[in-house]
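Below, each chain spelled out in residue letters.
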Amino acid sequence: MELLTKFIDEAKIDSKEFYEYILDVDNSELSEFIKVLNDIISESYSSKSKHSNFSFITNDTLSGHSFPCSEVECKLGNVDTLIRNAILYADKVYIQNPFETYYEYKEFNENLRLEIIGDLIVLNKIKPLLKEGIFEYATTKVHFCSECYKKFEDKYLKTLYSNIKTIEPYLLQHLQSNIDFYAHWKYDTIGVEIIDKSDLLSHSQVVNFVEYVPDAINKVAVKGKSVKLSKSEVEKSGVLYYLLNHIEKNLHFQDYYSAYYNCHLLTDRNFDIELLKLVNNDVYEKHTKESEILKNLDHMVPFIDSVPINKLLKLRKEEGESFEVYRDKLSKLIQVKNLSSKESKQLFNEEIRPEINKMNLTLSNNKKVVWGNIKSNIFLASTYISATLFAGILPANIDKIVASVGGFGFAKNIGQDVLSLLKNQEIRKNEFYFLWKIQKDNKIKI
């Protein structure tokens, strides 16, 4: 990712000037910029990346995509959660590249340009994790010779396409049963408001038609009102296939990376999990447990939201061994799949919090012991000095007395006590020492 992070720094994509450039530049130059950026992302992909049991492929939402919401606040909120949880658990997280979707455009209206700016803001947000190699953009470009492609097609593509074709009726039925569609006419724009009763969409959204309004929508739209669409009107409008396209694209990504790169599937939607069961149950069985840990880590470690990202990264680098010990311990604790947020909170309260409290108690007791030793040494030294003062010898022999009280020896005794406290050897043996260090360094009460 060095090439990409260098580009981010040199182009200053987080500057007001760069955003103004995106808004004002002509279509052809913006199209060229999108091409160059995608080329850099593609070149930055490392096929030699180490794939471990802690590698993940995210869905579109956690990757900060404009689906299901293009608002920057939503994108950053999803990515921020992913960043913190990834630092505390993942070796590698593959995120989906949002800039590929702009390849198909020759003209960029204001809304599209604002979406690109939003994606650049997200790109700048994840830069620290790109630099550390924890995040990497998933590539969609895979080069095969004709013989290898034939094997790939027979082994993977035909089965996947067949499975998707089989589940499409289920998908359509789910969308029709769990989502309400309304013709939405506000100001001068006609669109469709989509209200989801499942967890496919985090909140309702509006799809606006810019160039062409489908007849099925145009006929029933009333300015200033929301009109619920019938099943027939929804089908004729094409909006179902707008959703279907996003769902299937996301499914392709996650299924491919899980199958070929042994990545766990990371999603914030039960809808994705249920869909994966239908398409590839073997992948589901193999790759959901670790994903549930990462997904629910903010419940298992509820104080991570208050810790700056740069501090989390720094501590992970400095405490590499304790990080791996804690992560292995956490993984062993999780014996169930599809860990709920309630179960995650329970795990924190029953398994993690007591260990952190135990380490705090150990440190407190050690401080009392060390401080007692220090006070004892000081008392003995002050008693000796007082005696020599009473004998009237201090003014003449001050250097010898300080040395005999141990200028060096006394300081050495105290220094050893303090050093033993700082090393926290007993605490370091605890498998949750890494989390305790985060809590202690950031003065967080749990």
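Scroll up a little and you will see the structure.
To start, this report covers the structure provided alongside it. (Residues numbered from 1 in each chain as written. Predicted model: local features only at pLDDT ≥ 70, side-chain atom pairs only at ≥ 80, totals over all residues. Heavy atoms only, no water.)

1. A word on the sheet that holds strand β8 (residues 264-266)
Okay, so step 1: With respect to topology, four strands assemble into an open sheet ordered β3-β2-β1-β8, the strand pairing being parallel. Of all strands in the sheet, those bounded by a partner on one side alone are β3 (135-138) and β8. On average, each strand axis in the sheet is inclined to that of its neighbour by 30°, with strand direction left out of account.
Okay, so step 2: In terms of strand pairing, strand β2 (residues 92-96) meets β3 through four bridges, oriented parallel. Paired with Q96 across the two strands is A138, which belongs to β3. (Pairing = 2+ DSSP bridges. Helix = DSSP H or I, 4+ residues; strand = E, 2+ residues; numbered from the N terminus. Axes fitted to C-alpha atoms, helices over the stretch in contact; angles between N-to-C directions.)

2. Details of the layout of surface pockets
Okay, so step 1: Quantified by volume, the largest pocket comes out at close to 1600 Å³.
Okay, so step 2: Contributing to the lining of the largest pocket are 39 residues, with S66, Y105, L112, E115 and Y242 lying nearest its centre.
Okay, so step 3: Elements represented by at least two residues in the lining of the largest pocket include exactly α5 (110-125), β6 (205-208) and α10 (239-260).
Okay, so step 4: For the lining of the largest pocket, the residue count by class is 17 nonpolar, 14 polar and eight charged. (1 Å grid on protein atoms, 1.4 Å probe; cavity = no way out; pocket = protein on both sides within 12 Å on 5 of 7 lines; lining within 4 Å. Points joined across faces, edges and corners; volume = space filled by probe spheres on them. Nonpolar A, V, L, I, M, F, W, Y, C, P; charged D, E, K, R; others polar.)

3. As for empty space enclosed by the protein
Okay, so step 1: In this structure the tally under the stated criterion is four cavities of 30 Å³ or more.
Okay, so step 2: Considered as a void within the structure, the largest cavity measures approximately 110 Å³ in volume.
Okay, so step 3: Around the largest cavity sit 13 residues that line it, and Q254, T267, D272, I273 and L276 are the ones nearest its centre.
Okay, so step 4: Here the lining of the largest cavity is built from residues that sort into six nonpolar, five polar and two charged.

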